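# Observations on the model geometry
Here is what each chain is made of, one letter per residue.
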Amino acid sequence: MGHYAYKAYGKQGMCKGKISAASRAEAAECLRRQGFLPVHIEEARKVPRKNGRRREQILLFQEWSALLSAGLPMDEVFHLLARHGGKRRKVMCRFLEESVLSGLTLSEAMEEEGSFSPLAVALIHTGEESGRLADELDVLASWLQRQEEERRKWKEIVSYPLIVLLAALCFLVVAVAYILPSFAALFSSLSIPLPPSTRYLLALGTWVGAHWPVLAGGAVALVFLLTCIWRSEKGRLWKGKHFFSLSFLRKVYTARWCHALSHLVQGGMPLPLAIRLSAAVMGSDAAERKMEHLAKEVENGESFAERLDASPFGFPVVVQMVSTGMESGQLPEFLERSGSFLDRERQERVRRMQAMASPVLLLLSGGVTAFTVLSVLSPLLAAGGLYRLA
């Protein structure tokens, strides 16, 4: 089901908003049944959710769950949530409260508001049906917090080698551009024979000193261009396609999906719909498209385990667990086990990667530093008779 932005004439004149429907024609029909005359309908654009927005939602769901667990009525909960938040939260809470008072369910109001993912809406709907809304809000906050924690860990893993390499590169640039040229006149006056490494670095330093404005401008322009491409729609699609081709990341996506699917199936949601909605936790458009295809195959009556085995997510342990769960009638439990197994495997692999990366980076940065220092010192040592050039 998609989301459509519309403009329509109503009893109070022109109005606009968003509506959920399977197609534009269905959206128009829904508006007519509500007494509106559609003027313009288009598919609503997805707005990327930034980390700050995600952290806000984590805090919102945690507070929401705590207030409902304390037995407060929903209208009072909305007032308290709006009072202790920013302007964006106040507007959202006011919209949700008015929508619920007008007759919509909370999940329908959240879907209409547009700030919440389909998975969040599905979990809220499950909580409404089961009478465990506070528990579902707590689960939702835990999932978002887990995703945020994973992103933070990945940033730490990537930032360490980048910082080490950047420090080594900065030292090399400073040595080539400033330190070596200051010794060039001394080497020339003493008629010291220079080793090849020193000659190459002196030539590089002279060239960098003559062209540094162009090099600096080019570096800034390159970084800006790569950043724009990385954040563009085409760049996002390229990232999704190539990241999805990595088996390690597919296991990360599959682990998230197993945990979410287990919870939705446990709540009584039909399997095809649960497959679609649980794909939202994967964080990859390419993975979500593959899951949509899998859901259609299951909806057409094909075996879940067999179609999963034929998909890019058909890791042996997951397929075996799903097959066993389908046969025993305990699919949620076995899905949870699959996700936990993949999580442990990922954590072990990341630990091994970090253990290997640290010494390699130290050797690399130490090699660059040693090469630069020896290129400066070897002519001086030769001049003092302490080092004889080969």
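Look above for the structure.
What this report covers is the structure whose coordinates are included nearby. (Residues numbered from 1 in each chain as written. Predicted model: local features only at pLDDT ≥ 70, side-chain atom pairs only at ≥ 80, totals over all residues. Heavy atoms only, no water.)

Further remarks concern helix α8 (residues 196–231). Between its first and last C-alpha atoms α8 spans 43 Å; for 36 residues at 1.5 Å apiece the expected length is 52 Å, and the helix comes up short by more than 12%. Maximal helix bending in α8 amounts to about 75°, located at His 211; proline Pro 213 follows within four positions. Taken together, the buried positions of α8 are Thr 198, Leu 201, Leu 202, Gly 205 and Val 208. (Helix = DSSP H or I, 4+ residues; strand = E, 2+ residues; numbered from the N terminus. Expected span 1.5 Å × (residues − 1). Bend = angle between axes of the 7 residues up to and from the residue. Buried < 20%, exposed > 50% of the residue type's maximum accessible area, 1.4 Å probe, protein only.)

Moving on, we get to the packing of aromatic side chains. If you walk through the whole model with that rule in mind, you get 4 aromatic pairs. When the ring of Phe 61 is compared with that of Phe 116, the centres are 6.0 Å apart and the planes differ by 40°; the resulting orientation is tilted. One end of the pair, Phe 61, is in helix α2 (residues 51–69); the other, Phe 116, is in the loop between α5 (106–113) and α6 (118–130), and 55 residues separate them in sequence. When the ring centre of Phe 244 is taken as origin, the NZ or CZ atom of Arg 250, which lies over that ring, is 6.0 Å away. (Phe/Tyr/Trp six-rings, centres within 6.5 Å; stacked < 30°, edge-to-face > 60°. Lys NZ or Arg CZ within 6 Å of the ring centre and 35° of its normal.)

The next point concerns the environment of Ala 122. The topology assignment puts Ala 122 in helix α6. Along the chain, Ala 122 and Val 360 lie 238 residues apart, while their C-alpha atoms are 46 Å from each other.

Moving on, we get to a nonpolar patch on the surface. A cluster of nonpolar side chains, contributed by Phe 171, Val 373, Leu 377 and Leu 381, occupies part of the molecular surface with about 280 Å² of accessible area. Ranked by the residues each element gives to the nonpolar patch, the list is headed by helix α15 (residues 331–383), at 3 residues. You can see Leu 377 is positioned in helix α15. Accessibility expressed as a relative area gives 38% for Leu 377, which makes it partly exposed. (Patch = residues over 30% accessible without salt bridge, like charges linked within 9 Å, V, L, I, M, F, W, Y side chains within 5 Å. Areas by Shrake-Rupley, 256 points an atom, 1.4 Å probe, with all protein chains shown as cover. Salt bridge = Lys/Arg side-chain N within 4 Å of Asp/Glu carboxyl O.)

Taken N-terminus to C-terminus, the directions of helix α9 (residues 233–244) and helix α12 (residues 285–299) make an angle of 65°; their axes are 7 Å apart at the nearest point. Classified by the angle between their axes, α9 and α12 sit roughly perpendicular to one another. Of the residues in α12, those touching α9 at Arg 236, Leu 237, Gly 240 and Phe 244 are Asp 285, Ala 286, Ala 287, Arg 289 and Lys 290. Per-class residue counts for the contact of α9 with α12 are 4 nonpolar, 1 polar and 4 charged. (Axes fitted to C-alpha atoms, helices over the stretch in contact; angles between N-to-C directions. Parallel < 35°, antiparallel > 145°, perpendicular 65-115°, else oblique. Contact = heavy atoms within 4.5 Å. Nonpolar A, V, L, I, M, F, W, Y, C, P; charged D, E, K, R; others polar.)

Let us now look at the pattern of salt bridges. Enumeration according to the criterion identifies 16 salt bridges in this entry. For the salt bridge of Glu 348 with Arg 351, the shortest nitrogen-to-oxygen distance reads 2.6 Å. A residue pair is termed a helical-turn pair when its members lie 3 or 4 positions apart in one helix, as Glu 348 and Arg 351 do in helix α15 at 3 residues. Between Arg 352 and Glu 348 there is a salt bridge, and its shortest N-O distance comes to 3.8 Å.

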